[in-house]
Each structure stands twice: as structure tokens, then as C-alpha cells.
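# Notes for the structure review
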Amino acid sequence: MTAQVIDGKAFAASVRARVKRAVEELKAEHDLTVSLTVVLVGDDPASEIYVRHKVTDAREVGIASTDVKLAATASEDAVLDHVRRLNGDPSVHGVLVQFPTPKQVRQDAVLDTLSPDKDVDGLTTLSAGRLVSGRPGLVACTPQGCLMIIKSVREKLDGASAVVIGRSQLVGKPMAHLLLGENCTVTMAHSRTRDLAGVARTADILVAAVGRAELVKGDWVKEGAIVIDVGMNRLPLPNGKSKLLGDVAYNEARERAAAITPVPGGVGPMTRACLLRNTVLAACAQHRIRPPAEL
Ligand code: NAP
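Procedures and definitions
Residues numbered from 1 in each chain as written. Predicted model: local features only at pLDDT ≥ 70, side-chain atom pairs only at ≥ 80, totals over all residues. Heavy atoms only, no water. Helix = DSSP H or I, 4+ residues; strand = E, 2+ residues; numbered from the N terminus. Buried < 20%, exposed > 50% of the residue type's maximum accessible area, 1.4 Å probe, protein only. Pairing = 2+ DSSP bridges. Contact = heavy atoms within 4.5 Å. Axes fitted to C-alpha atoms, helices over the stretch in contact; angles between N-to-C directions. Near = heavy atom within 4 Å. Polar contact = N/O pair within 3.5 Å; in protein donor to acceptor, adjacent residues only side chain to side chain. Nonpolar A, V, L, I, M, F, W, Y, C, P; charged D, E, K, R; others polar. Parallel < 35°, antiparallel > 145°, perpendicular 65-115°, else oblique. Left-handed = near helix turned anticlockwise from the far one by under 90°.

### Examining the side chain of Thr124
Take Thr124: it is sitting in the loop between α4 (107–113) and α5 (125–132). On the basis of relative accessibility, which here comes to 2%, the residue Thr124 falls in the buried class.

Next comes the structure, spelled out in C-alpha cells:
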């Protein structure tokens, strides 16, 4: 079997098109301008690029987007005050603080201050609790994107065996809960799992979110499985350049899987698109508007 290769770029483009239509509809029917504010503390060059991408992505779909830059020396109190102001500003629907923050600004303190209703990254404890409790809320973008990809391949997941390798707050844990919500039988694997290969081989749906290049070998993949590779591992090359590798040995896994995401061009673009989708969902929830069904 050679797998269907899932084109995350094309899928993300279709999500962005749906978000754009939703933003236009909210403006036309409810006079609502969906808006996102991205907060950057300090001047880390990689973070500056991420923030720029997020603001540009948002503007491209018609979301009013602002970036707020605070000095690298800003105190935690100053940052938290800013977040509180954004929480209380009814014209702002989504708020995202770019991590990592400088060391005097604790990530947990920021997340404990941010309103879960505006938490478009889905990272606050309350957002995580809502997901675990099966209540409506904003879900972390990467696992949400993975679930959308999985459901584009197989709509009904009832009873499927799902294995998620990695248990981070950002990816592994929310991914497992999303799959549980789809009635999968979920196993969460991690660095202490015994016989990881054997556990992986039970999976109809295998999600690798580890951060170890090509950890998952081809013979870890059950014939006909859906394989989602979240990993982004930069491998330095002798010529000074680098290569991006996933957590899955792609060429081998492709021979056994029914469908697989490549790296790059799989999960990554969906993460960005889901941030925009979350911003629209947040705006709808704040205004008690039912989100467009196609979202
Ligand atoms: P993380 O916080 O470092 O978590 C890694 C997880 O993998 C941990 O739960 C760890 O287990 C587990 N692990 C580490 N080595 C392992 C091994 N040898 N066998 C089994 N499990 C092992 O990473 P993350 O934030 O979840 O990110 C994971 C990967 O996804 C990274 O490559 C990251 O760059 C990528 N990522 C991509 C996107 C995207 O948009 N495409 C978004 C987010 C992250 P323990 O808990 O036992 O330590």
C-alpha cells in the first residue's frame, strides 16, 4: 500500500477561505469586525517572525489584527496589566501572547490571567479543562488542525484505536482528548512507554508529537493506518544549511499507511489556519452568534 499524502497546505488554504467567508458574513449580517491582538514581549528574532506571520495571516482573511510590542525589560505586572486590559476590551476577540516570554514574565502567570474566552491558542488551564470536560471552548491549534486532517480522511472515528506519542500540554494531551471525544480508544505514549513500537503498531490513527527526528519507523505503522506527523526537527547539513524532518520515517511509513502527513507541508500550515478559525469562533461565542456551519 502507498499512502495518500495529505496536502496540509491545500487543506489550510481551504480553511482560510472558509474563515474569510465567515468573517465577511459576520460583518455583513451582524456588523461585527473580528479582531485579534498578538502580544510580543521582547525582541527575539524568531518570535518577531512568528508574530508577523500571524498578523499577516489574520489580515489576509479580513480579521482586524494588531501587534503589541512590550520591551524585553517589561515587568510581569506590566505584561499582566496589558493582558487584563485586552481581556476587558470588547472590540478584541482573540488575544495571543507569543511564548517564550523573557524570564521575569512567567508563562503560567500570563496564561492564568488571559481570559479563556479570548485564548485563541487554547493554552489556558481553563481551556484545557473545558476540553477534558467535553465543554465548548477554544482548543489548541495544532491538535485541532490534526483532528481536522484526520476527519478529512475518515469522517467516523468511532471505536478506532488511536495512539498519540507525546504528552505535552501544547499537542499530545489535547490531541488525546480530541480523539477521545471522537470515540476513539486512545493510548497516550511518552518517553517512559515500554515497547513503543508495539504500542504504535496497534494504532489505526497514529499521531507523533515528540520532537525526535524519524523516531517512528516504517514497521511501527499498522497497515492502513492514518499517520499524523507533528514533529519539526531541524537537521544541520554539512553545507551549513538545514533540513526539516518529522518524527516519522516518512518514506518507510508511506509504504504501510493509508494516509500520511508530510513534513514540511502537513500539520504546520493547519496550525496557522486554526488560529484564524479560533479567532472567529471566539468572536461568535462572545457575541452569542452561532458560527457558520462550514467552519
Ligand atoms: P515537548 O513538549 O518537548 O513534548 C515531547 C513529548 O514527547 C513528551 O511528552 C516526551 O515524553 C515525548 N518523548 C520524548 N522523547 C520520546 C521518546 N524517545 N519516545 C517517546 N516519547 C518521547 O514537544 P511538543 O511541544 O509537544 O512538540 C513535539 C514536536 O512537535 C516538536 O518537534 C515540535 O517542534 C513539533 N510541533 C509542531 C507544531 C506544528 O505546527 N507543526 C506545533 C507544535 C509542536 P515525556 O513527557 O515522558 O518527557
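### Let's talk about the sheet that holds strand β1 (residues 4–5)
The six strands are arranged β1-β11-β8-β7-β5-β6 in an open sheet whose pairing can be described as parallel. Each edge of the sheet is formed by a strand with only one pairing partner; in this case those strands are β1 and β6 (185–189). Strand direction decides the pairing type here: strand β5 (residues 161–165) and strand β7 (residues 205–208), joined by four bridges, are parallel. Counterpart to Val164 in the pairing with β7 is Val207. Packing against the sheet, helix α6 (residues 141–153) makes contact with β1, β7, β8 (226–229) and β11 (259–260), and its axis sits at approximately 155 degrees to β8.

### A word on the site of the ligand
As a matter of local geometry, the ligand sits amid 22 residues, with Arg167, Ser168, Ser191, Met232 and Thr271 nearest to it. A distance of 2.7 Å is found between an oxygen atom of the ligand and a side-chain nitrogen or oxygen belonging to Arg167. One nitrogen or oxygen atom from the main chain of Met232 is found 3.0 Å from an oxygen atom belonging to the ligand. At three residues, helix α10 (residues 267–286) tops the list of elements feeding residues into the shell around the ligand. For the shell around the ligand, the per-class residue count stands at ten nonpolar, ten polar and two charged.

### With respect to the packing of α6 against helix α7 (residues 172–181)
Look at α6 against α7: their axes get within 9 Å of each other, and the N-to-C directions meet at 40 degrees. Between α6 and α7, the angle is such that the two are oblique. Here α6 and α7 pass one another in a crossing that is right-handed. Residues Pro143, Gln144, Cys146, Leu147 and Ile150 of α6 form the contact with α7, whose own contacting residues are Pro174, Met175, Leu178 and Leu179. Here the residues of the contact of α6 with α7 sort into eight nonpolar, one polar and no charged.

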